[in-house]
Amino acid sequence: MSKGFATRAVHDGYDCQSQGGGAASVPIYQSAAFDMVTADRGDALAAGEIRGFSYSRLANPTVKVLEDRLASLEGGKGAVAMASGMAAVSCALMCAAEGGGRLISPVDLYGTSVDAMKTFFPNFGIETDFVDDINDLEAVESLIQDDTRAIFAESVANPSTAIADIPGLADLAHRHGLALIIDNTVPTPYLLKPIDFGADIVVHSTTKGISGHGNSLGGVIVDAGRFDWGNGRFPQMSQPELIISDERHGSMVSFLDAFGKMAFLHRVHTKYLHTFGAVMSPFTAYLQLTGLETLAQRVATEVKTATTLARHLLTIPQVEQVNYSGIPEGRHHGDADQQNRLASTLLPKGVGTILSFKVQGGYEQVKRIVDSVRLMSYMPNIGDCRTLIVDPARITHREVPEPYRLSAGVGDDLIRISVGLENPDDLITDLDQAFATAYQGTLQG
C-alpha cells in the first residue's frame, strides 16, 4: 500500500500491537537498560548479529521509532537520532572527514556550523574550504583536492533562504567521489527531500520544524544508503574495527566489510553516538514524534503566512531588502533566475517558514523594532508554532567572522522572522506597529 506524506508522518515506524501493547501513542521507554534475557542473546546483541535493545546509549525503542519515521519521510535507508541539531551536523561532517580530510562549504550557513568548521574542526585535523556561492559549481570544483571528502550545504540557507542546487552539487560531488551532505532543517522533508535529488546524507535540527513546538532539542542523520564509501577517499571506512569484529575467533572486519553502502550510518551510530554520547532521550523522542504527526499541516499553513508577510514587508518604506526565495520579487543570493528555477523544481510547495529583511537606520533601528513587537517573541529558535524574531548578526551568527557574515548578507541591519501559526493579519498588525514605534510614527502607506 502506497502511503502519502501525512499518513507516514503519523504511522510509519510503529505498529501499536507488535511494538506498543496496543497504545495509540508511541510509549516512552524511559529506561537506561533492557533485559538481554540470556548470555547467548546478550553476546549476539553486543556483536550486532541481531537487532534489539540492551542500553539506551546504543538504542532505545522510542528513539528508534523516530529514526525509522524520519528515514521514511526523507526517503533514506536508515537514521540516527541525536541530542541536538549541532550534534547531528558535527558527527556527520566529522565522520565523513575524520583522519585529516577536507570539506567544502558555503559561508551562507547557520552560525554555529560555520564556527565549527572554521575554528573547531581544524583542531581534529579537519579543514574546510569555504565558497561564497555554493551554486557556483566551477568555484566549488576548483576547491576539490585529493583529501576532500564531502560537500556540505543547507538546502535552504538560514537566514538568506537561498536555495542550494542539489542536483548540480550531487552530480559534481559524485564525479569526484565525494559525498553530498545536506542540512534540510529549514524546509523539512514535507517541502523537500534532498535524497530524491542526489544527496547522500541529510541532517536536521529536529528542534525546529520537525518538532514544531519549541519544547525539545534534537537532531537526526539520515543515510540514503547508496554512496560508495569504498571508493578510496574514505580510509576510515575500510580499517578493521574491534567493536564490530569477533576478535576471539580472529575475524576482524571494517564498517565497509560489515555494512557496505550503509557503512557511514553504522559508523556514526557505533563510533560517534556510542563514544561521544550525544544521545536523544526517550521523552524528547516522544515529544518530537508528537510534533512530527502534524508536520504537513503546520508547515503548509506557515508557508502561506510567510509568503504573505514577505510581500507585506516589500510595501514598507523603511524595508530596504526582503530575503525570501519563495517569491520572485524576494532578493536572491546569486543568480535570481536560477533561484526561481530551483524554487519551482525543488520546492514547489514552498521554501520554508523563515524570512529575513534589511531595514533603514542600521542596528539602532533593528533594536527598536525587536523591542517593539508585542505578538512575536524575541528568540533564537526557528520552526516553532509561535512566530519568532531575532537579529542574526548579534545572536545566531555572532561567532561567524565578519567577512563571511557580510558575504552571506548578515549585517547589523538584518532581522529574521520564523513564522508560526498565528493569524497572518495579527502578525502584520504587530509588524506595522513595531515599525511605527521604531520610526517614530513616520511609516507611510
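Keep in mind that what you see is a predicted model, and the values were worked out from it rather than measured.

The rules behind the values
- Residues numbered from 1 in each chain as written.
- Predicted model: local features only at pLDDT ≥ 70, side-chain atom pairs only at ≥ 80, totals over all residues.
- Heavy atoms only, no water.
- Salt bridge = Lys/Arg side-chain N within 4 Å of Asp/Glu carboxyl O.
- Helix = DSSP H or I, 4+ residues; strand = E, 2+ residues; numbered from the N terminus.
- Buried < 20%, exposed > 50% of the residue type's maximum accessible area, 1.4 Å probe, protein only.
- Domains from an automatic or database assignment.
- Contact = heavy atoms within 4.5 Å.
- Buried area = accessible area lost by both parts, 1.4 Å probe.
- Polar contact = N/O pair within 3.5 Å; in protein donor to acceptor, adjacent residues only side chain to side chain.
- Core = buried A, V, L, I, M, F, W, Y, C linked by side-chain atoms within 4.5 Å.
- Phe/Tyr/Trp six-rings, centres within 6.5 Å; stacked < 30°, edge-to-face > 60°.
- Lys NZ or Arg CZ within 6 Å of the ring centre and 35° of its normal.
- Pairing = 2+ DSSP bridges.
- Expected span 1.5 Å × (residues − 1).
- Axes fitted to C-alpha atoms, helices over the stretch in contact; angles between N-to-C directions.
- Left-handed = near helix turned anticlockwise from the far one by under 90°.
- Nonpolar A, V, L, I, M, F, W, Y, C, P; charged D, E, K, R; others polar.

Overall, the coordinates contain 13 salt bridges when judged by the stated rule. The shortest N-O distance in the salt bridge between D12 and K3 comes to 2.6 Å. Between D68 and K64 there is a salt bridge; the shortest N-O distance is 2.9 Å. One end of the pair, D68, and the other, K64, are both in helix α4 (residues 61-74), four residues apart, so they sit about a helical turn from each other. Taking relative accessible area as the criterion, D68 reaches 31% and is therefore assigned partly exposed.

This brings us to the domain arrangement of the protein. Domain assignment breaks the protein into domain 1 (5-283) and domain 2 (297-438). Each of domain 1 and domain 2 has a C-alpha centre, and the two are 29 Å apart. Each partner contributes residues to the interface: domain 1 has 41 residues there, and domain 2 has 42 residues. Both faces combined, the contact of domain 1 with domain 2 buries some 3400 Å², and carbon together with sulfur accounts for 61% of it. At the junction of domain 1 with domain 2, the criterion picks out zero salt bridges. For the pair domain 1 and domain 2, the number of links is 14 residue pairs in polar contact (both at pLDDT 80 or more).

Time to look at the nonpolar core. Of all hydrophobic cores here, the largest spans 84 residues; its most connected members are I151, L180, L313, Y324, L355, F357 and F435. Sort the elements by how many residues they give to this core and helix α13 (residues 295-313) lands first, with eight residues. There are two domains that each give this core at least three residues, and those are domain 1 (5-283) and domain 2 (297-438). Listed in part, the 44 residues of the second largest apolar core include L103, A179, F234 and I244.

Given two aromatic rings, one states the distance between the centres and the angle between the planes to describe the pair. Counted according to the given criterion, the structure contains 13 aromatic pairs. An aromatic cluster is present here, built from F227, W229, F234 and F264 joined pairwise through their rings. Positioned over the ring face of Y190 is K349, at 3.9 Å from the centre of the ring. Directly above the aromatic system of Y363 lies the positively charged group of R394, at a separation of 3.8 Å from the ring centroid.

Turning our eyes to something else, we now look at the pairing of strand β6 (residues 201-205). Remark: a regular strand shows side chains that alternate across the two faces of the sheet. Judged by how many residues are buried, β6 sits mostly within the fold: five of five residues are covered. The alternating pattern of β6 places I201, V203 and S205 and V202 and H204 on opposite faces, both of which are buried. As judged from the five bridges shared by β6 and strand β7 (residues 219-223), these two strands associate in the antiparallel manner. Bridge pairing in β7 links S205 to G219.

The end-to-end C-alpha separation of helix α11 (residues 263-276) is 18 Å, in line with the 20 Å expected for 14 residues at 1.5 Å each. Those residues of α11 lying buried are A263, F264, L265, R267, V268, T270, Y272 and L273. Those residues of α11 hidden inside the fold are in contact with β1 (78-82), α5 (85-97), β6, β7 and α10 (255-259). Just beyond α11, the residue with positive phi is G277, at close to 75°.

Strand order in this open sheet of five strands is β8-β9-β12-β11-β10, and the pairing throughout is mixed. Both edges of this open sheet fall to β8 (319-323) and β10 (377-378), since each of them pairs with a single strand only. Against the sheet, α13 engages β8 and β9 (354-359), with an angle of about 10° to β9.

Two numbers describe how α5 lies on α11: the axes approach to 10 Å, and their chain directions differ by 115°. α5 and α11 meet at a crossing whose hand is right-handed. Contact residues: C91, A92, M94, C95 and A96 in α5; F264, R267, V268, Y272 and F276 in α11. Counted by class, the contact of α5 with α11 contains nine nonpolar, no polar and one charged residues.

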